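One-letter residues, chain by chain:
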Amino acid sequence: MNVYCPAVRNSERLEYKLAFHEILRDRIRALQECGKRIILVGDINIAHKEIDHCEPQPSDDGTAFGDHPCRLWMNKLVCNVRTPSLGCLVDSFRHFHPTQEKAFTCWNTVTSARETNYGTRIDYILIDPALMEDFVMDVSHEPGRLGSDHCPVVCAMKLRIAASDDDVKINKAAALCSKYYAEFAGKQQNIKSFLRRDLCSVRAPSTNDAIKTTLSGSRKRGTSSSGQKSIKSFFSSSGLSSSRASSHPTNEGHQKSSFDFELAWAIKASLKRQRTHDQDQQLQWKQVLTGQPPPTPLCHCNQPTVLRAVLKHNDNWGRKFYVCTKPAGPKGDPNARCEYFQWADQRGKKKDTITYQPPDATSNNGQ
């Protein structure tokens, strides 16, 4: 089973996540009761133990790290190989590496925390106890494989597959395959559905096209149906005479005045749009050419700071602040950022006696 468990941003999200957890565990238990052997992989969004978190601290409401509701649920889901129970799986990485520290799989990209390995372990391969002893050889992380804020978790297994026509039909998809889901029934089945003519988009006419249509329509008004029929008639005397005759209709004055009015209206509208466009461009240039912003303050490392904004939904949401440009990391690490912090709207004012804690110092993942 490949799964992504919701992350927690507020109390409402926590309730939703816990409900998702219970449904997931009920599904695991039901499959095990049917004799299935389960391997659950994916982002659980929970750092189970303190060893799995770079900064194991109590929650905002004062709840101890290990007493968080998500971790209490994780305690029920994860079991030991020697004490299996229904609805439980083995944390395969901790089975082989029970005391390995800083074995993180997710880092905050905003603070460049991956450079100092300041993250959490929230990606798991949870395996049925019946499979661990005989099939699983080792489980490891690949933090050097970039491309995401997560890194791969790799499980090495020894498998010997033997199948016969009597017990297994190789060509038949598994019963849980998505092709059997009701929400996917009746949808696209082959590439031909992409080539249906009624799916082709029709380009909407632009303003210039509308002007051209108006002008061309004005020119065509009053045109005789007995006009030039072929290219040869252009070189014949009769063709020239008929062309001259058709170019001077009897109501020439009325048509000319109508055409001049519509042409003037189209030109006026075009000039108005051009003035609006020029004004917009002038405003954009004024916003750009307002001069260089004032230099950022220096941090405790005597380096220019970087301006960030609070992303966590609280009373300071969206408020900007200055912090050190180095990546987030543990205290005492010379490669990690210093403890400098200043609100941008208080710059130049007398500093308060309150010591501010930089918002979002670590990733919210893992709770």
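None of the values given here were measured: they were computed from a predicted structure.

A.B. asks: Outline the overall build of the protein, supporting the account with residue identities and numerical values.
C.D. replies: The number of helices and strands found in the protein is seven helices and 11 strands. A burial count over the protein gives 28% of its 367 residues as buried. Of the contacts made within the protein by residues no fewer than 6 positions apart, 60% connect residues no fewer than 24 positions apart.

A.B. asks: An account of the UniProt feature "site: Transition state stabilizer" (unreviewed entry) in the protein is requested, with residue identities and associated values reported.
C.D. replies: UniProt annotation of "site: Transition state stabilizer" (unreviewed entry) refers to N45 when read in the numbering used here. Looking at the element boundaries, N45 is found in the loop between β2 (39-43) and α2 (69-77). With relative accessibility at 2%, the residue N45 sits in the buried group. Polar contacts involving the side chain of N45 include one to the side chain of Y4, which spans 3.3 Å.

A.B. asks: Report on the packing of aromatic side chains, specifying residues and quantitative values.
C.D. replies: For the structure shown, the criterion picks out three aromatic pairs. The interplanar angle of 85° and the centroid separation of 6.0 Å between the aromatic rings of F321 and W343 together place this pair among those described as edge-to-face. With F321 in strand β10 (residues 320-323) and W343 in strand β11 (residues 341-343), this pair connects stretches of sequence that are 22 residues apart. Both residues of the pair, F321 and W343, belong to the buried class. Geometrically, the ring pair formed by F341 and W343 is edge-to-face, given 5.0 Å between the ring centres and 80° between the ring planes. Residue F341 shares its accessibility class with W343, and that shared class is buried. Taken together through their ring pairs, the aromatic side chains of F321, F341 and W343 make up a single cluster. Just above the ring of W343 sits the side chain of R319; from NZ or CZ to the centre is 4.0 Å.

A.B. asks: Which residues make up the nonpolar core, and what values go with them?
C.D. replies: Counting residues in hydrophobic clusters, the biggest one holds 18 residues, and the most contacted among them are L24, I28, L40, I44, W73, M74 and L126. Looking at this core, the elements with two or more residues in it are α1 (11-33), α2 and β6 (123-127). Among the elements that make up this core, the one with the highest residue count is α2 (four residues). Core analysis: the next-biggest nonpolar cluster, separate from the first, contains 12 residues, V81, V90, I125 and M132 among them.

A.B. asks: Explain the environment of K76 to me, and be specific about the residues and the numbers.
C.D. replies: Counting through the fold element by element, K76 comes out in helix α2. Along the primary structure K76 and R25 are separated by 51 residues, whereas in three dimensions their C-alpha atoms are 9.2 Å apart. With residues up to four places along the chain from it excluded, the contact list for K76 reads R25, G87 and C88.

A.B. asks: Which residues make up the sheet that holds strand β9 (residues 306-309), and what values go with them?
C.D. replies: Taking strand neighbours across the sheet as the criterion, the three strands line up as β9-β10-β11 in an open arrangement whose pairing is antiparallel. Either end of the sheet is taken by a strand with one partner, and the two such strands are β9 and β11. Between one strand axis and the next, the sheet turns through 30° on average, direction left out of account. Bridging between β10 and β11 involves three bridges; their strand directions are antiparallel. Each bridged residue has a counterpart across the sheet, and for V323 the counterpart in β11 is F341.

A.B. asks: A description of the UniProt feature "site: Important for catalytic activity" (unreviewed entry) in the protein should follow, citing residues and the corresponding values.
C.D. replies: Taking the numbering used here, the UniProt-annotated feature "site: Important for catalytic activity" (unreviewed entry) corresponds to D123. You can see D123 is positioned in strand β6. Of note is the side chain of D123, whose polar atom sits 2.6 Å from the side chain of T105.

A.B. asks: Describe the sheet that holds β6, naming the residues involved and giving the relevant values.
C.D. replies: In spatial order, the strands read β1-β2-β6-β3; together these four strands make up an open sheet with mixed pairing. At either margin of the open sheet sits one strand with a lone partner, and together these are β1 (2-4) and β3 (90-91). With five bridges joining them, β2 and β6 adopt antiparallel strand pairing. Residue pairing in the sheet places D43 in a bridge with D123 of β6.

Thresholds applied
- Residues numbered from 1 in each chain as written.
- Predicted model: local features only at pLDDT ≥ 70, side-chain atom pairs only at ≥ 80, totals over all residues.
- Heavy atoms only, no water.
- Helix = DSSP H or I, 4+ residues; strand = E, 2+ residues; numbered from the N terminus.
- Buried < 20%, exposed > 50% of the residue type's maximum accessible area, 1.4 Å probe, protein only.
- Contact = heavy atoms within 4.5 Å.
- UniProt positions renumbered as here; feature names shortened; annotations may be inferred.
- Polar contact = N/O pair within 3.5 Å; in protein donor to acceptor, adjacent residues only side chain to side chain.
- Phe/Tyr/Trp six-rings, centres within 6.5 Å; stacked < 30°, edge-to-face > 60°.
- Lys NZ or Arg CZ within 6 Å of the ring centre and 35° of its normal.
- Core = buried A, V, L, I, M, F, W, Y, C linked by side-chain atoms within 4.5 Å.
- Pairing = 2+ DSSP bridges.
- Axes fitted to C-alpha atoms, helices over the stretch in contact; angles between N-to-C directions.

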